[in-house]
Amino acid sequence: MHRSSAPEGGSTLRFGLLGPVEVRRNGRPVPLGSPKQRALLTALLLEPNRVVSIDRLVMAVWDEEPPRSAVANVRTYINRLRGTLGEGERLAARPPGYVLTVHAGELDVNEFADALRQGRQALSAGRPETALRHLAAALTRWRGAPAEDVPRSAALGPRLDALAEQRCLALEAQAEARLMLGEHADAVPELRETVAAHPTRERLWGSLMLALYRTGDSAAALSAYGQARTFLAEELGVEPGPELAELHRSMLNRDPALGAVSPLAARDPSHPVPPPRTGPKPAPVAASGGLASLLGRDPELNQLVAAITAGHPRPVAVHGAAGVGKSALALHAVRTAAPDYPGGVFHVDLRPFPRPGAYETLARLLGLLGLADDEIAADLDDAVLQLANATAGRRVLVLLDNVTDEGQVRPLVGACPGCRFVITSRTVLAALDDVDHLPLAPLTDDAAYALVVRLCGRDRVDPEQVRRVARLCDNLPLALRIAGKRLAVRREWTLAAFADMLAGEEHRLDLLTCGDLSVRSALDLDYQVLRQCGGKANGSALGLFHRLGERGMAGCGSATAAGLLGCDRRTAWAALGRLADLRLMTSIAPDHYRMNDLTRLYAMEVARAAGKPANGNSAAFA
C-alpha cells in the first residue's frame, strides 16, 4: 500500500476504524455526521490512498436499492467530510470516484497490520518476547468491533469481518508467544476471557488446553476440550477439527512432548528457542500436520530417531515427493530426540524464502541462536565462524526443512562438530558428503486407510469407499489429510459421494485444497524450481512436462520422450532424469518413468495454462 509522508506543520489528523469510526484533529474528536456519512468514510478508509468509485461508495452506503438521488447524496457527504477534515485536499475527486489521502501513522488499521506482521514474523523466527511486544502493540489499537457504529452493508460487512478475523489471528499468536515463554499460569485467565469472546476459534481453545495442562491441571484441560466440543456441536453442528482432537488424545495419553517449556530458555538470548511446538499452530509450516499424519510411519520414525541419536555426527537427509510427509516426520523425530541435545533444537524452514542461498540459510539460523540482524557478519565465511562460536561446547540439533539443493546447506553442515543436522528435501542431496539418506514413500494401503478413518470419524466408515478415497489421493499423507479434514467438516457428504467427486479429474485438485493446505501448491514448488533453473536438461525437462500434460500422459520411456521433444534419446534421458530428481516422475522400471495421478492432473493444468498466450502456440515450451 502506498503511504505518503505527513506534511510538516499544520493540523494533525488521526483516523480510526478499530472500534467506532473516529477522526481526531490535533488530538480532539470531530463530529462525523449521520450513519450514512460514517459509512462513506469507512469505505474510503478501507482503501486509503486509492480511488474508490462512486458506484462502490453507493453500494457501501445503501444496503438495499439506492435512491435515485444516491450519487448526489454521495457528493453531499463528500463535501461535508471535507469540511470535517479541515483539509480539503485530503479528499479529492479523481475519476471515477474519490481518493482519501492518509499519511503514515494516521490510520489505526495500518498500524495494527504492521505490528501484527512484525509479531508473526518474530514468532515464526522463535523470538517470542519480541513477538509479544509487537502483538501487544497491535492489539492496543483496538477499541471495539471494527466500525461498530456503522450499518453493515453487503459491501462493507465482509471487509470489516476480515479486520475482525485479523484481530483473532493476533490473539492466537499472542497466546502462542506466551506459551513459548512459559507464562502458562498467567495466560490462563486471559485465555478464558478470550475464548469466551471467540468460542469458535479452535486454536484459542487449544492454547487454553495447553496452558492448563502445563500448569498441572490436566482435568481442567480435558474439561476445556469438552466445553469446546459442546459449543461447536450446538452452535455450528461440527466436531472439533483434527488438530484439537489430536491434542486431546495426546493429553489423554500423557504424551511427554506436551511438557512445559522452560521460561529461561525462551527468554535468554544465550539459550536456544524451545523445541518445535505441539498443538494448534499457524499455517506457515503447514506440512507438519500433527500426530495423525504419522500413522503408518513407525519404521521410518524409529530409523530417523536412531540416526539422530547415534554417536556419529553425520547429517540425516529425509527425501521424498511433495506431500509425502517429510516435515511432519522430521519435526516429530527432532522433538523426540530433543533430550539428547541440551544445547537446543532449532527449526529453519527454507520454504518461505525465494530459493535462499547458503548465506540466507545461515543468517536465519544465527538469528534463532540469538544474534541480532546487525550482529550477523555480511561475509559467508565470517558468518560460518560465528555459527561455530555460537555452538561451541553445545550439543545442538538443527532441522533444515524444505531444502532445494546442496549449495543451500553445505557450508553449515561441516561448520560445527557439536551440531547434528536433519535435512528434508524433495530431491536426493547426493552431492553432500557423509550423509545418511532416508527415502520416504507414500503410505501403504492399510496406513492410508487408517489415516482417512481417523480424520473423518469411525462412525462413517465404508471400507470400500475409504480405500477408494485413499487411491484417488495416491496414498499421499498431504492429500489424505485434506480429504479427511473436508469429510470431517462436511458431515452431509457420504464417503461414496466424496469419492465420486474426487473421481472427476477436472475437480480433484480443487477438492484437495483446504485453507492453506493444497496439493496443487505443494506440486507447484517443484514446478517453479524447474522453471527457474537454467541449462539444457532443465529446459528439456520443462518441455517434456508440458508435452506430457498436453496429452494427459502419466508415463513414458526415453524413446517416447524423444519423440515428444523432437530430440535425441540422450537428451530425453536427461529430461526424464531431471523430472525424477524433482519427484515429478518416478522410475518404475529400466527406461520407464511415471507420474502419480495427482502430478499428472497438475501437469495437465499447467499445460492448459501455458497454452493460453495470444498466439496459442504451446510449442514455445519445447
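Refer to the structure presented above.
This text gives an overview of the structure that appears in the document. Here the structure is a predicted model, which means the values were calculated and not measured. Each chain carries its own residue numbering, running from 1 in the direction its sequence is written. With the structure being a predicted model, the display of local features is reserved for residues of pLDDT at least 70 and the display and counting of side-chain atom pairs for 80 or more, all residues being used for whole-chain, interface and lining totals. With hydrogens and water excluded, all non-hydrogen atoms of the structure serve as input to the side-chain values.

1. Let's talk about the nonpolar core
Considering soluble globular proteins, one finds that nonpolar side chains tend to be buried as a cluster.
At step 1: Throughout, nonpolar core names a set of buried Ala, Val, Leu, Ile, Met, Phe, Trp, Tyr and Cys residues whose side chains join them through atoms within 4.5 Å. Here the term buried applies to any residue with accessible area under 20% of the maximum for its type, exposed to any over 50%, and partly exposed to those in between, with areas from a 1.4 Å probe on protein chains only. Formed by 87 residues in total, the largest nonpolar core has its most connected members in Leu304, Ile308, Val519, Leu544 and Phe545.
At step 2: Strands are runs of DSSP state E lasting at least two residues, helices are runs of H or I lasting at least four, and both sets are numbered from the N terminus onward. Counting residues per element, this core draws most heavily on helix α17 (residues 445–456), at eight residues.
At step 3: With residues near it in sequence (within four places) discarded, valine 519 still touches Leu478, Ala479, Ile482, Leu509, Leu512 and Leu598.
At step 4: In terms of nonpolar packing, the next biggest core, distinct from the first, is built from 80 residues, Val23, Leu46, Val102 and Val188 among them. Contact definition: two residues touch when any of their heavy atoms are within 4.5 Å.

2. Topic: the environment of leucine 601
At step 1: Along the chain, leucine 601 turns up in helix α26 (residues 597–610).
At step 2: Using a relative accessible area of 5% as the deciding quantity, one classes leucine 601 as buried.
At step 3: Placed 47 residues apart in sequence, leucine 601 and alanine 554 show a C-alpha to C-alpha distance of 9.1 Å.
At step 4: Contact partners of leucine 601, with chain neighbours within four places excluded, come to Glu505, Arg508 and Leu509.

3. So, unusual backbone geometry
Peptide bonds are, in most cases, trans, and in most cases residues other than glycine have a negative phi.
At step 1: With an omega of 10 degrees, the peptide bond running from proline 95 to proline 96 counts as cis.
At step 2: Considering the arrangement of structural elements, one finds proline 96 in the loop between β5 (91–94) and β6 (97–100).
At step 3: One non-glycine residue with positive phi stands out, namely asparagine 402, at about 60 degrees.
At step 4: Among the secondary structure elements, asparagine 402 is positioned in strand β9 (residues 396–403).
At step 5: Accessibility expressed as a relative area gives 14% for asparagine 402, which makes it buried.

4. Observations concerning the pairing of β9
Residues in a regular strand point their side chains to alternate faces of the sheet.
At step 1: In terms of residue burial, β9 counts as a mostly covered element, since eight of its eight residues are buried.
At step 2: Pairing between strands requires that DSSP locate at least two bridges from one strand to the other. Bridge count for strand β8 (residues 345–349) against β9 is five bridges, and the pairing is parallel. In the strand pairing of β9, aspartate 349 is matched with aspartate 401.
At step 3: For β9 and strand β10 (residues 419–425), the ladder comprises six bridges, and the chain directions are parallel. Each bridged residue has a counterpart across the sheet, and for valine 396 the counterpart in β10 is cysteine 419.

Interpretation note: all reported values are geometric properties and have no functional meaning in isolation.
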